[in-house]
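Here is what each chain is made of, one letter per residue.
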Amino acid sequence: MVRSFKHRDIISIRHFNKEELLYILDLANQMEQVDYNDILKGKVLASLFFEPSTRTRLSFESAMQKLGGIVIGFADSGITSTAKGESLSDSIKIIKGYCDIIVLRHYLEGSARLAADIADVPVINAGDGANQHPTQTFLDLYTIQKTKGTMEGLTIGFLGDLKYGRTVHSLSYALAYFGAEMFFISPPSLRMPGDCIEELRSRKVKCHENESLFGISKKLDVIYCTRIQKERFADPVEFEKVRGIYRLNRAMLEEMGIKGDLKILHPLPRVDEMDESLDSTDFAVYFQQARNGIPVRKAILSAVLGAIE
Amino acid sequence: MKQLDVSAIKDGSVIDHIDSKSTLKVADILNIQNEEQMVLVGINLSSKLLGKKGIIKIGGKIIDQKEVNKISLIAPNASVNIIKDYEVVKKFKVAVPDIIEGIVKCFNPNCVSNYNNIISKLIVINKNPIKLECHYCERIMGTKDIVLI
Ligand SMILES: [Zn+2]
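These figures come from a predicted structure and were not determined experimentally.

A. Region of interest: the overall build of chain A. Regarding its fold elements, chain A presents 11 helices and nine strands. Scaling as 2.2 N^0.38, a compact globule of 309 residues should have a C-alpha radius of gyration of about 19 Å, and chain A matches this with 19 Å. With the principal axes as the frame, chain A shows a C-alpha extent of 55 × 45 × 40 Å. Among the 309 residues that make up chain A, the fraction classed as buried is 57%. Looking at chain A alone, contacts between residues at least 24 apart form 72% of all its contacts between residues at least 6 apart. Accessible surface for chain A amounts to roughly 12800 Å². Of this, 48% is attributable to carbon and sulfur atoms. Looking at chain A, you have 39 positive and 41 negative side-chain charges, and the mean spots of the two groups are 1 Å apart.

B. Representation of the sheet that holds strand S1 (residues 12-19) of chain B. Residues and elements named next belong to chain B. Reading across from one edge, S2-S3-S1-S4-S5 is the order of the five strands in this open sheet, with antiparallel pairing throughout. Of all the strands in the sheet, the pair left with one neighbour each is strand S2 (39-47) and strand S5 (87-93). Adjacent strand axes in the sheet meet at a mean angle of 20 degrees when their direction is disregarded. Sheet topology places S1 next to strand S4 (residues 79-84); five bridges connect them, and they run antiparallel. When the sheet's bridge partners are listed, serine 13 is paired in S4 with isoleucine 82.

C. Highlighting the coordination of the zinc ion. All names here are of chain B. Around the zinc ion, the protein contributes the donor atoms Cys106 (SG), Cys111 (SG), Cys134 (SG) and Cys137 (SG), which lie 2.3 to 2.4 Å from the metal centre. Classification of the site at the zinc ion rests on its four donor atoms, whose angles at the metal span 102 to 114 degrees, yielding the label tetrahedral. Sequence positions of the residues that donate to the zinc ion give the spacing C-x4-C-x22-C-x2-C. Of this pair, cysteine 106 sits in the loop between strand S7 (104-105) and strand S8 (121-127) while cysteine 137 sits in the loop between strand S9 (130-134) and strand S10 (140-142); the two residues are 31 residues apart in sequence, bridging distant segments of the chain. Look at cysteine 106 and you get buried, because its relative accessible area is 2%.

D. Quick peek at the packing of aromatic side chains. Residue and element names in this part refer to chain A. Scanning the model with the defined rule gives seven aromatic pairs over all chains in all. Aromatic pair phenylalanine 50 and phenylalanine 74: ring centres 5.1 Å apart, planes at 90 degrees, arrangement edge-to-face. Taken as a pair, phenylalanine 50 in the loop between strand S1 (44-49) and helix H2 (54-66) and phenylalanine 74 in strand S2 (residues 70-74) lie far apart in primary sequence, 24 residues in all. Classification of phenylalanine 50 as buried rests on a relative accessible area of 5%. Exposure remark for phenylalanine 74: the relative accessible area of 14% places this residue in the buried category. Taking 6.0 Å as the distance between ring centres and 55 degrees as the angle between the ring planes, the aromatic pair formed by phenylalanine 158 and tyrosine 224 counts as tilted.

Parameters and conventions
Residues numbered from 1 in each chain as written. Chains lettered and ligands numbered in written order. Predicted model: local features only at pLDDT ≥ 70, side-chain atom pairs only at ≥ 80, totals over all residues. Heavy atoms only, no water. Helix = DSSP H or I, 4+ residues; strand = E, 2+ residues; numbered from the N terminus. Rg over C-alpha atoms; globule rule 2.2 N^0.38 Å. Buried < 20%, exposed > 50% of the residue type's maximum accessible area, 1.4 Å probe, protein only. Contact = heavy atoms within 4.5 Å. Areas by Shrake-Rupley, 256 points an atom, 1.4 Å probe, with all protein chains shown as cover. Lys, Arg positive; Asp, Glu negative; His and termini not counted. Charge placed at Lys NZ, Arg CZ, Asp CG, Glu CD. Pairing = 2+ DSSP bridges. Axes fitted to C-alpha atoms, helices over the stretch in contact; angles between N-to-C directions. Donors = N, O, S within 2.8 Å, 3.2 Å for Na, K, Ca; no water. Tetrahedral: all angles 85-135°; square planar, octahedral: opposite > 155°, others 65-115°. Phe/Tyr/Trp six-rings, centres within 6.5 Å; stacked < 30°, edge-to-face > 60°.

Right under this line is the structure:
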């Protein structure tokens, strides 16, 4: 059952059922077919980026403007009242009076839920600390659906930092609806959190944990690669042990044996996880994935603002 | 052996069937060191229900709902008797509420509820054993993670 998206907050991927995920993907597809260039005319989006994320911010702002809406906001909390000591609650109480919808990026986990409790306009979570980034998951799913033709019954390898990688946690939960088999490939220090694995298993997902792609590469339909984030390591020695541990390149993949229609996704930015030799292959869909942020965010904005039923 | 004086109190509250090891934590919740009237704390008393139990009797105090909610997280089997004129006027078992507000701190140091004077809010997703999900950051806490405010 698809509950109406009108006026709904988009906080966590865990709040959506399978039909609702598919509904947004269908809508995103529609956004690519038809120019809805004025359906959000007169609507104002407040784009509040307390933590910088240029890509996410620009894709929301672009999506809003392509639909005829207006954007206000800031890209850095250093220039707002927060710098003067204003609390997030107070900022939201004031800004909600200026807009029809809020997109919030904040370094504290749970900040989007807090904003949604305070604001009477819908709030979209554009990343709250290490917790959730649901629109990223929608665009990851959309990319898988478009490039594989289906999301049902795929075998997915998640590679890299699985401990802190919130995109991995959210995407694995979402893919659990579609009968995916999952391989979690990471160094021991960056393994998928136990409670994530437990939740996936309770939802009947076949999960495997590995330290290397060797031996399993032939089974994979999708590799979802993530960056090992230097800033997560308190000890630089520990970081050096794992940096560049998975550096995918074209020759290596061909040598290991992979499916001809393998697709490689990455939420970007990359550092050295994927060699540029991959970029021109049909395996690499990460740039397309980044572009998919626009139709997906157009779909979410128009559904939440009630411009499309 | 001479019977110890753990006799009835005239007015107040008796918290019975506390899991023995949790008795002093419950005493903490009830802030007994600041009581003016008689307080009796018993530990390792024999109990058909629990094997060993703790009991706390507080003269002159009627415990409130917030205290009951806190006790339910630490001693889920506890029962409460309210005494007036040596008579039990009210008797109930503590029960874990569905939502816990303002009494347990979220254990995630990066959670928004630990900043800006926000009242913590945890959703009880399992009562026995206790599993709480933070309304804000969605982290799941078990008994060992519980820190009372
Ligand atoms: Zn929390």
